[in-house]
There are 2 protein chains.
Amino acid sequence: MKFKKIAIIGAGLIGGSIGLAAKRKGLAREIVGVCRHQKSLRQAKRIKAIDRGTLNYREAVEGADLVILATPISQIIKIAGEIAPYLKKGCLVTDAGSTKSKIVAEVEKVFSGDIAFVGAHPLAGSEKRGVSEARTNLFKGTLCILTKSRKTKLAALEKINSFWQAIGCRVIKLTPQAHDQIVAVISHLPHLAAVQLVKVGRKNLNFAASGFRDTTRIASSDAEVWSDICLTNKKFIIQAIDEYIARLKLMRNLISKDDKRGLSLEFKTAKSLRDALQK
Amino acid sequence: MKFKKIAIIGAGLIGGSIGLAAKRKGLAREIVGVCRHQKSLRQAKRIKAIDRGTLNYREAVEGADLVILATPISQIIKIAGEIAPYLKKGCLVTDAGSTKSKIVAEVEKVFSGDIAFVGAHPLAGSEKRGVSEARTNLFKGTLCILTKSRKTKLAALEKINSFWQAIGCRVIKLTPQAHDQIVAVISHLPHLAAVQLVKVGRKNLNFAASGFRDTTRIASSDAEVWSDICLTNKKFIIQAIDEYIARLKLMRNLISKDDKRGLSLEFKTAKSLRDALQK
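Attention in this report is confined to the structure presented alongside it. (Residues numbered from 1 in each chain as written. Chains lettered and ligands numbered in written order. Predicted model: local features only at pLDDT ≥ 70, side-chain atom pairs only at ≥ 80, totals over all residues. Heavy atoms only, no water.)

**Concerning unusual backbone geometry**
Residue and element names in this part refer to chain B. Definition in use: Only DSSP runs of H or I with at least four residues qualify as helices, and only runs of E with at least two residues qualify as strands; both kinds are numbered from the N terminus onward. Under the scheme applied here, a residue whose accessible area is under 20% of the maximum for its type counts as buried, over 50% as exposed, and between as partly exposed, the area being computed with a 1.4 Å probe on protein chains only.
Notably, Lys48 is not glycine yet its phi reads approximately 65°, a positive angle. Looking at the secondary structure, you find Lys48 in the loop between α2 (38–46) and β3 (52–54). Despite not being glycine, Asp258 has its phi angle at roughly 55°, a positive value. Mapped onto the fold, Asp258 is located in the loop between α10 (234–256) and α11 (260–278). Judged by its relative accessible area of 45%, Asp258 is partly exposed.

**Examining the sheet that holds strand β7 (residues 120–122) of chain B**
Residues and elements named next belong to chain B. Put simply, the rule is: By this definition, two strands are paired if DSSP reports at least two bridges between them. Geometry is summarised by axes, namely lines fitted to C-alpha atoms with helices restricted to the contacting stretch, and by angles between N-to-C directions that run from 0 to 180 degrees.
Here three strands make up an open sheet; going across it, the order is β7-β8-β9 and the pairing mixed. Where the open sheet ends on each side, the last strands, each with one partner, are β7 and β9 (170–174). On average, each strand axis in the sheet is tilted by 20° relative to the strand beside it, whichever way the strands run. In this sheet, strand β8 (residues 143–147) lies alongside β7 in antiparallel orientation, the contact comprising three bridges. Bridge pairing in β8 links Ala120 to Leu146.

**Observations regarding helix α10 (residues 234–256) of chain A**
Note the cut-off: In a helix, the anticipated span is given by 1.5 Å times the number of residues less one. Any two residues having at least one pair of non-hydrogen atoms within 4.5 Å are treated as being in contact.
Along its 23 residues, α10(A) runs 32 Å from first to last C-alpha, staying within 8% of the 33 Å computed at 1.5 Å per residue. Along α10(A), the positions that sit buried rather than exposed are A:Phe236, A:Ile237, A:Ile238, A:Ala240, A:Ile241, A:Tyr244, A:Ile245, A:Arg247, A:Leu248, A:Met251, A:Leu254 and A:Ile255. Next to the buried residues of α10(A) lie α7 (176–200), α9 (223–231) and α11 (260–278) of chain A together with α7 (176–200), α9 (223–231) and α10 of chain B. A positive phi of about 55° marks A:Asp258, the residue just after α10(A).

Nothing here speaks to function; it is geometry throughout.
Structure (structure tokens):
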């Protein structure tokens, strides 16, 4: 698999790392980067994540056989509509957004039948952002979930699968809905939980030890990215918050009733689950 | 400051690390360790955290001029009563329990006027435990909160202060209640939050990325230790849970109402607070 021209839209942590890895693996004759800021493009070029940069979406995507949308979610949907007229027949499009149902539904609407979109979510985020944080091996061993909708073309799915695998990911395929339900509990809820732990502790942060630091590290993430995530995965995030609140109330009641056995059981089952994760 | 005999009760991560640091700094002529398991004592002696070990509390504390209670909270209170008759006049006693009001109240009751107790909480925990995890520099730069109650003797407070400083801690002094209120939000609530995040995510842990791992790392902690913590800091933990639930409900409502500006503000203020913590 080798592409003549890959266009990466959004030269940040994810877009930059995709460029670095794709170049390392020789997956493209040319990689063109496009984003809103000249500065990021210069930096992406300097670290060799892209061969050239442009502020012009049309120029970036024309003639590309693979387009990667690596911007915050609301921009993915907006930009897909803007570039649609300029994509060549047979062009493959993928993305790196953290929610999938809304993106897949909206993006599939704007592309005509000869453009194939396969949504992707590499679970390689960090509280950091920007192309200065990009790394060639960011995706090494990282899980990447590809979406399979009713409109997904199997040949395109396999090519996109090969691409993400080639840059290091372990790939699995899910429906956009199954993806969103899983990440609501394993990524989005933990994020909201960390954000509100910081708020509750705000007056006493000078007493924070390593446990607090680890638990709340992700609260340093970008506000715009996370607002988009919340608003494009509302149903499953609200379900997750509701279950979480119910469980916190259960703990509260065990404490209130001095139920040492009940508390101990909660801690033990959580410990078993969490210990298993470390292996 | 040099002690003739230090008795460390509980040869685990904390007790073992205290022994290692005290020996490194030459703070005692002899350090005696006591705990429930011969195996831990042998290991503590092998790594030179103690000079000798015994299963007999009386033997350990007789003649000691400093006794350190480094067991789970419920045992600190129980053991204080058991050793009280054997402590020599002028003996100093400190502990390393994670809550303070209950310990200080109970322990001050069982010691007669010529024994001085000063509660301590070095914020150096970890999800790990056992003397095999002990390290000489565990307390280096670690915050240690000493308790100052109405019964605290100032001369004893200063000597205990010097001891914790000598093994590496930054020491501050608070009332037991002020301590418990602070750690409820900065340590206990984050712990309960992590435990229940693991429970909510239990069916999808194979999708966990680094964010989830960091956020829930402390859920691997010991169940008995944490049951004791919850039951000896009930009032402030319940207050913290209630504020946390109220804040999670606020996030839920912002999401439900598609309030992007409100959400973004929540994320931004949390990010500012958390970013400041990294400096």
